[in-house]
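Commentary on secondary and tertiary structure
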Amino acid sequence: MKPLKYILISTFTAATLLGGSSAWAAGLSADALRSSTGQILADVTTFAGIGDFEDVNGDALSAGFRAPGSVLQLPDGSILIADTRNHLIRKVSGGKVTTFAGPEVVVTTNSQGFPTGGLLDGKDSEAFFNAPSGLAVDGKGNVYVADSANNAVRKVDTNGQVTTLAGNGVPGKKDGKGADASFYHPSDVAVTDDGIVYVADSLNHVIRKIETDGTVSTLNAASTRAILIHPGEASFAGEYQDGSLTEAKFNEPSGLALDSKGNLYVSDTGNQRVRYIDLQAGTVKTVAGSTALLSNNTIYGKNELYAGGDYADGEALKAKFDFPKGLTVTSEGGVLIADSLNHVIRYLLDGKVTTISGTAQTGETDGVERAAKFYNPSDVTVTAQGNMIVADASNNKIRKITPYHLPANLASQGIKVVHDDKVIAFDAQPELQDGRTMVPVRAISETFGFEVKYAEQAGKKIVQLSKGNTTVELTIGETGVVLKQAGQADVKQSTDVSPYVKQDRTYVPIRFFAEQIGLDVQWDEATQTAILRTKSFVK
């Protein structure tokens, strides 16, 4: 289901320190371990939220959110969350969730019993927001909020005072100063170190600029494309045009991130593209994403609000997105993208788009990179520690993507096997046999809690590794592995190496055993290490 034009409730941000970008982390791509297919290895876990559509503070993994729209790291390392449908700004620090700004107690509810927002400045615990969507922080630690349903940009200063920087609660498209200016569902903000704010004014299809004195100006051209929404009801919709900034056009831009040069990346959501505004040169260009030119010689179908979304990695200008939203810039100049309706986190670097984590299916599974699942991720940011934090909007959770690193105590010589972040100890050295890692069965079975048994069948020696209702069975000197589970048919998998006995120890191929018990198996050639990780689980 596509987002409704008038109910864009969950969007994103990534602008933070260092000129408004999240450029703290080490180079994500350069420092990464990769699979044989080039996939960056990473583990996805739940950082905060139990998944219920709720408003609950306390322990991070028991907390409740309602469609979190944005995430941001503060200078002290804590994580801010625009809890969009709770109309609050929440904070995660030390494993606890608290309210950063907004009333601690729900004052008014709608007919369904959910909180309603409001527009009120003042002390952080007494101020009101209405569907806050985007967050940013300046060099002094002041926090800026795209308060979408209030059609305003708010500021929470370091003393905890909330003020309205621009906008007045009424939708419109008027430049001016402070309350004289108007917005129409601003979805994100990016702020420079000295406090100049850029705004993704989504339903006006423009990018706005707020000077430090509150003066608002519009950077690009207004859209003039009219469509019929309902019989007798027409509306202006967004358009697509690169070139001069003053003539460029967008379609519901919803995510912003400043790079190290002070220029803007824009999630042009309705056009299924990522655009780049060179503020010094005054130009706009598409840097990722593409859609087909239709028979009417446009990228839009008749009376369609948006260009058609799709999913494809590869060359940036041939890649496909489906409502890309929150953005963040890494230290190596790449751009992380919350590709919301593809339910994945993508990475734009060196003219290529790859998928960091997730699959094009909804879910809330934790686990390794592509086995993990999201549901409408609306924003992503990079922390000082090099992790990625995701606002997983429709799962009502905050997720963490941690690039995988080998254990620090890894030996420099020989074949090694690691399980997650621990080195598996063997009483005999693992070996390579026809390109496969062979390990003594006793040590590997003890690591994973399996009991080793031997059996004779028709003169063949069978190795059985059993745990609960699961048995993995291999035959000495023969290829193949059999998975036996109570109440299910045996599953046979062909292998290209066979177990063998050497110096009274039975060696088995680690990959085929590990895969049978649900582990992801990778090989790091540089360190001669087999890496075993839990593939997926629901938290």
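Note that the structure is a prediction, hence the values are computed from the model and not measured.

**Focus on the nonpolar core**
Within soluble globular proteins, side chains that are nonpolar generally end up buried alongside one another. In terms of nonpolar packing, the biggest core is built from 28 residues, with Ile 444, Phe 448, Leu 465, Phe 513 and Leu 532 touching the most fellow members. The element that contributes the greatest number of residues to this core is helix 3 (residues 510-516), accounting for four residues. In this view, Phe 513 contacts Ile 444, Phe 448, Phe 450, Leu 465 and Val 472; residues no more than four positions away in its chain are not counted. Of all hydrophobic cores here, the second largest spans 18 residues; its members include Ile 356, Ala 372, Val 382 and Val 390.

**Brief notes about the packing of aromatic side chains**
Evaluated as defined, the whole model comprises six aromatic pairs. With a centroid separation of 4.8 Å and an interplanar angle of 80 degrees, the aromatic rings of Tyr 306 and Phe 323 are classed as edge-to-face. Here Tyr 306, found in the loop between strand 23 (283-288) and strand 24 (314-315), pairs with Phe 323, found in the loop between strand 24 and strand 25 (324-329); they are 17 residues apart in sequence, far enough to count as distant. Summarising the burial analysis for this pair, Tyr 306 and Phe 323 share the class buried. Directly above the aromatic system of Phe 53 lies the positively charged group of Arg 66, at a separation of 5.3 Å from the ring centroid.

**Notes on the pairing of strand 28 (residues 352-358)**
For strand 28, a buried count of five out of seven residues is recorded, marking the element as mostly surrounded by other parts of the structure. Relative to strand 28, strand 24 runs antiparallel, the two being bridged by two bridges. Across the sheet, Glu 315 pairs through a bridge with Lys 352, a residue of strand 28. Note: strand 27 (residues 344-349) against strand 28, six bridges, orientation antiparallel. The residue bridging Ile 345 from the neighbouring strand is Ser 357, located in strand 28.

**Let's talk about the UniProt feature "repeat: NHL" (unreviewed entry) in the chain**
UniProt feature "repeat: NHL" (unreviewed entry): in the numbering of this structure it lies at residues 129-159, 172-213, 250-280 and 374-404. Counted over residues 172-213, helix gives 0% and strand 43%. Its end C-alpha atoms are 20 Å apart. Across residues 250-280, helical content stands at 0% and strand content at 55%; the span's end C-alpha atoms are separated by 19 Å.

**What about the pattern of salt bridges?**
By the definition in use, this model includes 29 salt bridges. In this structure, the salt-bridge partner of Asp 59 is Lys 96, at a minimum N-O distance of 2.2 Å. You can see Asp 59 sitting in strand 2 (residues 58-59) and its partner Lys 96 sitting in strand 6 (residues 96-101), a full 37 residues away along the chain. Judged by relative accessible area, which is 42%, Asp 59 ranks as partly exposed. Residue Lys 96 is classed as partly exposed on the basis of its relative accessible area of 43%. Put simply, Arg 511 and Glu 515 hold a salt bridge, and the shortest N to O gap is 3.2 Å. Within this pair, Arg 511 and its partner Glu 515 are both found in helix 3, separated by four residues, close to a single helical turn. What makes Glu 515 partly exposed here is its relative accessible area of 32%. Residues participating in the shared-partner salt-bridge network are Asp 43, Glu 369, Asp 520 and Arg 533.

**Comments concerning the environment of Leu 72**
For Leu 72, the position within the fold is in strand 3 (residues 68-73). Between the C-alpha atoms of Leu 72 and Ala 82, which are 10 residues apart in sequence, the distance is 8.7 Å.

Reading the values: rules and limits
- Here the residue numbering is sequential within each chain, running from 1 through the sequence in written order.
- Given that the model is predicted, a residue must reach a pLDDT of at least 70 before its local features are reported, and side-chain atom pairs must reach 80 or more before they are shown or counted; all residues, however, enter totals for whole chains, interfaces and linings.
- Side-chain figures throughout are based on the complete set of non-hydrogen atoms in the structure, without hydrogens or water.
- We call a set of buried residues a nonpolar core when its members are Ala, Val, Leu, Ile, Met, Phe, Trp, Tyr or Cys and they connect through side-chain atoms within 4.5 Å of each other.
- Here's how the labels work: a residue is buried when its accessible area is under 20% of the maximum for its type, exposed when over 50%, partly exposed in between, all with a 1.4 Å probe on protein chains only.
- A run of DSSP states H or I qualifies as a helix once it reaches four residues; a run of E qualifies as a strand once it reaches two. Both are numbered from the N-terminal end.
- Pairs of residues are marked as contacts when any of their non-hydrogen atoms sit within 4.5 Å.
- When the centres of two rings from Phe, Tyr and Trp lie within 6.5 Å, Trp using its six-membered ring, the rings pair. Their planes under 30 degrees apart give stacked, over 60 give edge-to-face, and anything left gives tilted.
- A ring is scored as having a charge over it whenever the NZ atom of a lysine or the CZ atom of an arginine sits within 6 Å of its centre and within 35 degrees of its normal.
- Think of it this way: DSSP has to see at least two bridges between two strands before they count as a pair.
- UniProt positions are given in the numbering used here, feature names are shortened, and annotations may be inferred rather than shown by experiment.
- The salt bridge definition used is simple: a Lys or Arg side-chain nitrogen within 4 Å of an Asp or Glu carboxyl oxygen.

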